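Architecture and fold: a report
If you want the building blocks of each chain, they are given just below.
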Amino acid sequence: MPILDKFRAWLEEQGRQVLPKNPLHEALNYAVNNWTALVRYTQAGFLAIDNNVAEREMKRIAIGRKNWLFVGSPQGGRTAAILFSITSTCHRLGVEPWAYLTDVLARLPTIPAEQLGDLLPDRWQAVRRAPVAPPPGSATNTAVPSAYPPSQGRS
């Protein structure tokens, strides 16, 4: 990318003009030394240019840390971590966590092990949004699949 090539050349030039112990020199060197990782998002379109999403999710946990200081046991801490991870994923995807957990926990005891991946929030949401194929000879039906009644919340 021509713009990024110019930016890297500028970083290198500025690095040569600043004293080595200067914090600016360290920052410029850091950018040049991590150049491959810095521009990776230009080579893989699914990557974000920054880590703001991850930082926001960590902020939610950091803010509530005092509330969760005592989880009761190591197993309680593990359970809390799993639930925070699930609800953070739901939040990021725009899935209503209560509707998701209500449906998944109700279906979990009867679902075959090879279909557990279908209960992940992104796949669960895709199934909820997928239109139901109309029976032959009927009008087009775009209703939510009957396994997910609309009264359970929004997605």
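For every chain, the first residue of the written sequence is number 1, and numbering continues from 1 along that sequence. With pLDDT at 70 or above as the cut-off, local features in this predicted model cover only qualifying residues; side-chain atom pairs require 80 or more to be listed or tallied, and sums for whole chains, interfaces and linings still use all residues. Excluding hydrogens and water, the side-chain figures rest on all heavy atoms present in the structure.

1. Notes on the overall build of the protein
The condition is simple: Working definition: helices are DSSP H or I runs of at least four residues, strands are E runs of at least two. Numbering for both runs from the N terminus. Each residue is placed in one exposure class: buried if its accessible area under a 1.4 Å probe, protein chains only, is under 20% of its type's maximum, exposed if it is over 50%, and partly exposed if it falls in between. Values of accessible area rely on a 1.4 Å probe in the Shrake-Rupley scheme; residue burial ignores everything except the protein chains shown.
A tally of regular secondary structure across the protein gives 7 helices and 0 strands. The burial tally for the protein puts 19% of its 155 residues in the buried class. Only carbon and sulfur atoms are counted for the fraction: they give 61% of the accessible area of the protein, which is about 11,600 Å².

2. As for the nonpolar core
Rules: Think of a nonpolar core as a cluster: buried Ala, Val, Leu, Ile, Met, Phe, Trp, Tyr and Cys residues, connected wherever their side-chain atoms sit within 4.5 Å.
Formed by Cys90, Val95, Ala99, Tyr100, Leu101, Val104, Ile111, Leu119 and Trp124, the largest nonpolar core amounts to 9 residues. Considering each element in turn, this core owes the most residues, 4 residues, to helix 6 (residues 97-107). Among the nonpolar cores identified, the runner-up in size contains 8 residues, and Leu11, Val18, Leu28 and Val39 belong to it.

3. Re the packing of helix 5 (residues 74-93) against helix 6
Just so we agree on the cut-off: Axes here refer to lines fitted to C-alpha atoms; in helices the fit is confined to the stretch in contact. Angles between the N-to-C directions go from 0 to 180 degrees. Angle categories are assigned with fixed cut-offs, so that under 35 degrees is roughly parallel, over 145 is roughly antiparallel, 65 to 115 is roughly perpendicular, and the rest are oblique. Crossing handedness follows the turn of the near helix against the far one: under a right angle anticlockwise gives a left-handed crossing, and clockwise gives a right-handed one. Note on contacts: a residue pair is in contact if any heavy atoms of the two residues lie within 4.5 Å. Here the term charged refers only to Asp, Glu, Lys and Arg, the term nonpolar to Ala, Val, Leu, Ile, Met, Phe, Trp, Tyr, Cys and Pro, and the term polar to all other amino acids, Gly among them.
Closest axis-to-axis distance for the helix 5/helix 6 pair is 9 Å, and the angle between their directions is 125°. With respect to helix 6, the axis of helix 5 lies oblique. Every pair of crossing elements has a handedness; the one defined by helix 5 and helix 6 is right-handed. Of helix 6, the residues touching helix 5 (which contributes Ile86, Thr87 and Cys90) are Pro97, Tyr100 and Leu101. Residue composition of the contact of helix 5 with helix 6, by class: 5 nonpolar, 1 polar and no charged.

4. Re the side chain of Ser88
Within the secondary structure, Ser88 is located in helix 5. Every residue in contact with Ser88, bar those within four places of it in the chain, is listed here: Glu57 and Arg60.

5. Overview of helix 7 (residues 121-129)
Stated formally: Comment: arc refers to directions from the helix axis out to C-beta atoms.
The set of residues buried in helix 7 consists of Pro121, Trp124, Gln125 and Arg128. Taken down its axis, helix 7 places every buried residue within 100° of arc, on the same side. In this structure, the buried residues of helix 7 make contact with helix 5 and helix 6.

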